[in-house]
Amino acid sequence: MKIVISIVAGIIICLLAQLYLPIWWIFVAVTFAVSYFAHYKTSGKSFLYGFITVVISWLSLYLFKDTANASIMSDKMATLFSVKSNYWLFGIASVVMGVLGGLTSMAAWFINKK
Amino acid sequence: MRYLKIGICLLIPFIAIFCLNRGFGSLPPLGKIMDPVNGFMANAETAGDLKDYEVDFSKYNVAGSVYLDDRLVPHVFGADEKSIYFIQGYITAKYRLWQMDIQTRAAAGRLSEIFGEKFIAYDLEQRRKGMIYAAEKTVTEMQKDKAMFNSVDAYTQGVNAFIGEQNEMTYAEYPIEFKLLNYEPEAWTPLKSALMMKYMASTLTGFDDDIEMTNLQKLLNESDFNALFPDYSDSLDPIIPTEKVYEFSPDSLTTNVASIHNHYFNKVVDIFESQHEKNQVGSNNWALAGSKTKNGNPILCNDPHLQLNLPSLWFEIQLNGAGINCYGASLPGTPTVVIGFNEKIAWGVTNAQVDVRDWYTIKFKDNTKSNYKYGDAWRATTQRIETINVKGGDTVIDTVIYTHYGPIVYEEAVVANGKNTPQSVARIGMAMRWMAHESSAELKTFYLLNRAENYADYREAINYFSCPAQNFIFAAHDGDIAITQQGKFPIKYKGQGKGVLDGSNPFNDYKTFIPAEQNPTIKNPSRGFCASANQHPTDSTYPYYYTSYDFEYYRNRIINTTLTALNAATIDDMKALQQNNYNLTAKEALAVMLPLINNPCRTQNATCDKYKALQEWDFMNDANAITPTYFQIWWDTLYNIIWDEMVSDEIAFTKPNNYFTISAMRNFSHDHVLFDILATNDKKETLSDLIQISFNVMAKTVDSLALIDEAQLTWYSHKHTNIMHISQIPAFSRLAINNGGYKNIVNATSETHGPSWRMIVELSSPVNAFGVYPGGQSGNPGSKYFNNFVDDWAAGKYYPLYLFQDAAAAEKTALFTISFI
């Protein structure tokens, strides 16, 4: 239960930070902080939860705006970057950022482990 | 160990973020772009972006509202003149900021700042052509006219109010192209508006074939040269009907004939221009008197054929207030409406196509190039330092030398003395004399036309237009129609400026200019219509000499014939004529070509079907027809093997146009030396041989195309009209548009150019107007208004254009409103 709460809280903080701070990489700070205070059980889990937090928040930000825009922008960007479709573009970006968020989450776990 | 793990877990994200946060070469900062909030997704337009809002610009002392209609056309209602142009600047920047930025940078030769080293040559060319020099002169000229300058100033303030005085736009608010090209918007200035006008001057008059003509005059004997590149021809169907009598004679014109320059100009001379495709700009316009229309109202039509791009060159707008109420196409970056109408009149333009750019060879006194010979004396040059900043590279500094003719574009042009080889090489300076460098303020013409009520107002307005010379067509509610070729034209002796001129001889200099009232013009001609399609302005009875790099010989005849036959004309007739796909070139070429080949059907040859198709063709270049493809491949092949003499790696040449090519095929003897193929030494080909050879090439080409995909043979897919994004990003472009037409056809849609704004205005009351352009009002690729007109344009559809009488009427149909308080 604690884990679910910390992940959900992480996602909400991540969404708000992305929405209101003009720093695209703010998610790494969020996953670091959440992991530092949540004290996950293993380093693997800390990575996974950080990863999930970022992927879910980035994907939802993408999809929310994209639906309102009927994919007009994202289809063109997918073509521009030679990616199969706009959803692949969202997926790739979210996963890459997820890995970065996972790593900082894990860094916090190692710091906690005295 | 733990510290190592911490280090790795932090270092990888740190390095990754560092890299993703900055661009590498042409690669943009991917992290910033992929940001789902402030990156490209911020440019994904949603319903929230189309809601009413208010802006407080009271500090600028402006008030008014702009009503965006369902096609996102802004209907500007301003409290006073300043407010109108301020709001025009604001709303144009809102939808076209990046386009305004990049086009004025392109004009000024500042693309290397954005794209790096590969644009240095382009930028140098712009600087050498004196683009900024010309724009600065325009600003000085505008400042002399208070009302004019105030409108440019208000427009500038409007653009900068949108950007924010110190560029207060956030990264999220940047147009997507700034993000992808990784640079920032900069403040607007009146100079930028002037640069935009010079950009158009360069698009429409920034080329000539003086160097090529000089070379051809020596390659060809006199009678061939005059047959292939004549000043007039017998069937030219000019803009001013032959009924016109010119009741003036040139004041002080000598009858001397130009002497041919004693040089062959190496292709190296043309190094800048060799990067460009042959010019394809052109346009149609016509006006019918009430006597020729069904409802008895004059009708005016215009479709300028320019490069088709996204965002489009044009931005539709209505301007209302302070005694103005007009609608039409505006040029992003400049105030006023350029092609449009108000309640009383309508106006439009086509390019005059008359040569207003000449080249003078310059003899410098010594290597310092500080003096040059002019008559018996030496004149001093001036210098202008041009600094080109290069992204990721060293700054380039170019010292451009100016003579009284204009800038020395080529300091050391390579020429060969009198031989068809560049072996005996000399190096000379070449100065450019270009009417775009004259002091003038063309915007004043549009400023006045927007307010004009009758013929007298129209004549007064166009007086301010020097360059690019245009055919201004006019129709008024009170019944008058007129057309004038307006521009600043030097009075020339016969042949002057057809080739390169010796700049040391004052005889070759321009002395005076044609008085504006003696420019070709006609009001209410007896045939009941005025029309122009870039053809000769006059017949040979016009007292002044002029020449052109490329007059039109086909569209004008179709338009004039159609309009002559037309009575009780309707809007639908006008639409049909603008969409007319009749290929007169093909008709006249095939009349010579088909009889000269062996009929393959007699020998049951496999090429019989193609021969038959061409024989039975109705000459319509319709989108899905296949025969136009047969003809075009055949014609292109034939054309190139006929003029193989005029291709050289070392010497600059150009080829005769289609009209004089067909005329040579008709009139030259079939064993004329020019028909011989140079590459075949052992054989002397005749015209019939060339036609047979090219037919066989066409048949083979078509068969091999059909093997890959039959669909490739349809005219539209062979022609392949692309509407490219200005930055050439294919993802933001529309490719292979399903549309017919071609060069020299009234529907002049070629691979890259075409009717960039089709407008039809019936001067009833209220005005009944229609228009369309191949783009969309928004310059944002993330908007549904980015290219929403393209398919309707390709299908030949038009939109009704609403000239609202008052704000209440505009508000009723508005999608949303922006209020300036």
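Residues numbered from 1 in each chain as written. Chains lettered and ligands numbered in written order. Predicted model: local features only at pLDDT ≥ 70, side-chain atom pairs only at ≥ 80, totals over all residues. Heavy atoms only, no water.

Chemist: How should I be thinking about the state of the cysteines in this particular structure?
Modeler: Put plainly, two cysteines are in a disulfide when a covalent bond ties their sulfur atoms together. The tally for this structure, following the rule as stated, stands at one disulfide over all chains. At a sulfur-sulfur separation of 2.1 Å, the disulfide partner of cysteine 601 of chain B is cysteine 608 of chain B. Here the S-S torsion is close to 100°, and the disulfide linking cysteine 601 of chain B with cysteine 608 of chain B is therefore right-handed. Classification of cysteine 601 of chain B by relative accessible area gives partly exposed; the value is 23%. Taking the relative accessible area as the measure of exposure, cysteine 608 of chain B reaches 18% and is therefore buried. In this structure cysteine 14 of chain A is a free cysteine whose sulfur lies 18 Å from that of cysteine 9 of chain B, the closest cysteine sulfur available. (Disulfide = S-S within 2.5 Å. Buried < 20%, exposed > 50% of the residue type's maximum accessible area, 1.4 Å probe, protein only.)

Chemist: Is there a simple way to think about the packing of aromatic side chains in this case?
Modeler: Each aromatic ring pair is characterised by the separation of its centres together with the angle its planes make. Residue and element names in this part refer to chain B. According to the stated counting rule, one finds 62 aromatic pairs over all chains in the structure shown. Seen in terms of ring centroids, phenylalanine 446 and phenylalanine 465 are 5.6 Å apart; in terms of plane orientation they differ by 75°. Their pairing is edge-to-face. Here phenylalanine 446, found in helix H12 (residues 443-449), pairs with phenylalanine 465, found in the loop between helix H13 (455-462) and strand S19 (470-476); they are 19 residues apart in sequence, far enough to count as distant. An identical accessibility class is assigned to phenylalanine 446 and phenylalanine 465; each is buried. Residue placement shows arginine 357 over the ring face of tryptophan 434; its charged tip is 5.8 Å from the ring centre. Against the face of phenylalanine 513 rests lysine 488, its NZ or CZ located 4.6 Å from the ring centre. (Phe/Tyr/Trp six-rings, centres within 6.5 Å; stacked < 30°, edge-to-face > 60°. Helix = DSSP H or I, 4+ residues; strand = E, 2+ residues; numbered from the N terminus. Lys NZ or Arg CZ within 6 Å of the ring centre and 35° of its normal.)

Chemist: Whenever I open this one, the pattern of salt bridges confuses me. Can you help?
Modeler: A pair can form between side chains of opposite charge whenever their charged atoms are brought close. Residue and element names in this part refer to chain B. In total, this model carries 30 salt bridges over all chains according to the counting rule given. Residue lysine 498 is joined to aspartate 231 by a salt bridge in which the shortest nitrogen-to-oxygen separation is 3.0 Å. Highlighted residues: lysine 498 in the loop between strand S20 (481-486) and strand S21 (501-502) and aspartate 231 in the loop between helix H11 (222-228) and strand S4 (264-265), separated in sequence by 267 residues. Residues lysine 498 and aspartate 231 agree in their burial class; the two are buried. (Salt bridge = Lys/Arg side-chain N within 4 Å of Asp/Glu carboxyl O.)

Chemist: So what exactly am I meant to see when it comes to the nonpolar core here?
Modeler: Nonpolar side chains in soluble globular proteins tend to end up buried together. Grouped together as the largest cluster of nonpolar side chains are 221 residues, with contacts concentrated most on Phe341, Leu563, Met574, Met593, Leu614 and Trp634 of chain B. Residues contacting leucine 614 of chain B, with those up to four places away along its chain left out, are Leu590, Leu594, Thr627, Tyr630, Phe631, Trp634, Phe695 and Met698 of chain B. Val83 and Phe90 of chain A together with Cys9 and Tyr171 of chain B belong to the second-largest nonpolar core, a separate cluster that totals 61 residues. (Core = buried A, V, L, I, M, F, W, Y, C linked by side-chain atoms within 4.5 Å. Contact = heavy atoms within 4.5 Å.)

Chemist: Just to check I follow, could you spell out the interface of chain A and chain B for this structure?
Modeler: By a widespread convention, an interface's size corresponds to the accessible area lost as its parts come together. Contacts between the two partners involve 36 residues from chain A and, on the opposite side, 38 residues from chain B. Summed over both sides, the interface between chain A and chain B buries roughly 3100 Å², with carbon and sulfur atoms accounting for 81% of that surface. Contact with chain B buries area across many residues of chain A, yet Trp24, Met73 and Lys76 of chain A alone supply 22% of it, more than any other trio. At the surface where chain A touches chain B, the tally comes to zero salt bridges. Here chain A and chain B share ten residue pairs in polar contact (both at pLDDT 80 or more) between them. (Buried area = accessible area lost by both parts, 1.4 Å probe. Polar contact = N/O pair within 3.5 Å; in protein donor to acceptor, adjacent residues only side chain to side chain.)

Chemist: Would you explain unusual backbone geometry in this entry?
Modeler: Apart from glycine, the bulk of residues carry a negative phi angle, and the bulk of peptide bonds sit in the trans form. The linkage connecting leucine 310 of chain B with the following residue, proline 311 of chain B, adopts the cis geometry, with an omega of -10°. Among the structural elements, proline 311 of chain B can be located in the loop between strand S7 (309-310) and strand S8 (315-321). Residues serine 765 of chain B and proline 766 of chain B are joined by a peptide bond in cis, for which omega reads 0°. Position of proline 766 of chain B relative to the elements: it lies in the loop between strand S27 (758-762) and strand S28 (768-772). Positive phi, close to 55°, is recorded for serine 82 of chain A, a residue that is not glycine. One can find serine 82 of chain A in the loop between helix H4 (72-80) and helix H5 (86-112). Judged by relative accessible area, serine 82 of chain A falls into the exposed class, the value being 68%.

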